[in-house]
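The chain contents come next:
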Amino acid sequence: LLAGCSPPGGNTTTVTAAPGQTLALANGAATAVTAPASPVPGNAFWVAPCNNLPTNTVLRNGSLIDGVADDIMLTDPKRTVCFLYINSLIGWRPL
């Protein structure tokens, strides 16, 4: 498991992120993380796939993800991903 896999995020299949939050996905099934609503440039949140699944998703919640109007699947179960909000043209940038 990833280091730090005990923060909130927990044992649920859906969760909404807040700016500055790290979500540790510990549910045995794939989890859908909804990005924060009404983000401002510089907002960020982190997703740690502690459930070791390559099928967790981040739902864009009306904002773009990397300039595209699509949700994103986190296919690397060993990588914590930071989502940084850039602006309304780029939206959330996964880092």
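### Re the packing of aromatic side chains
- Applying the stated criterion to the full structure yields 3 aromatic pairs.
- A centroid spacing of 5.0 Å and a plane angle of 75 degrees characterise the contact between Phe45 and Trp92, whose relative ring orientation is edge-to-face. One end of the pair, Phe45, is in strand β4 (residues 44–48); the other, Trp92, is in strand β8 (residues 92–94), with 47 residues separating them in the sequence. Neither residue differs from the other here; Phe45 and Trp92 are each classed as buried.
- Taking 5.3 Å as the distance between ring centres and 70 degrees as the angle between the ring planes, the aromatic pair formed by Tyr85 and Trp92 counts as edge-to-face.
- With relative accessibility at 1%, the residue Trp92 sits in the buried group.

### Thoughts on the sheet that holds strand β7 (residues 81–85)
- Pairing is mixed in the open sheet, where 4 strands are placed in the order β2-β4-β7-β8. Sheet topology places β2 (22–24) and β8 at the edges, where each strand pairs with a single neighbour. Between one strand axis and the next, the sheet turns through 20 degrees on average, direction left out of account.
- Direction of pairing for β2 relative to β4: parallel, over a ladder of 3 bridges. Paired with Thr22 across the strands is Trp46, a residue of β4.

### Some thoughts on the nonpolar core
- Core analysis: the largest hydrophobic core is formed by 15 residues, its most contacted members being Val33, Phe45, Val47, Val58, Phe83 and Trp92.
- Breaking this core down by element, the ones donating at least two residues are β4 and β7.
- For this core, the leading source of residues is β7, giving 3 residues.
- If we ignore the near neighbours within four places in the chain, the residues touching Val33 are Val15, Ala17, Leu23, Leu25, Phe45, Val47, Thr57, Val58 and Leu59.

Rules of the game
Residues numbered from 1 in each chain as written. Predicted model: local features only at pLDDT ≥ 70, side-chain atom pairs only at ≥ 80, totals over all residues. Heavy atoms only, no water. Phe/Tyr/Trp six-rings, centres within 6.5 Å; stacked < 30°, edge-to-face > 60°. Helix = DSSP H or I, 4+ residues; strand = E, 2+ residues; numbered from the N terminus. Buried < 20%, exposed > 50% of the residue type's maximum accessible area, 1.4 Å probe, protein only. Pairing = 2+ DSSP bridges. Axes fitted to C-alpha atoms, helices over the stretch in contact; angles between N-to-C directions. Core = buried A, V, L, I, M, F, W, Y, C linked by side-chain atoms within 4.5 Å. Contact = heavy atoms within 4.5 Å.

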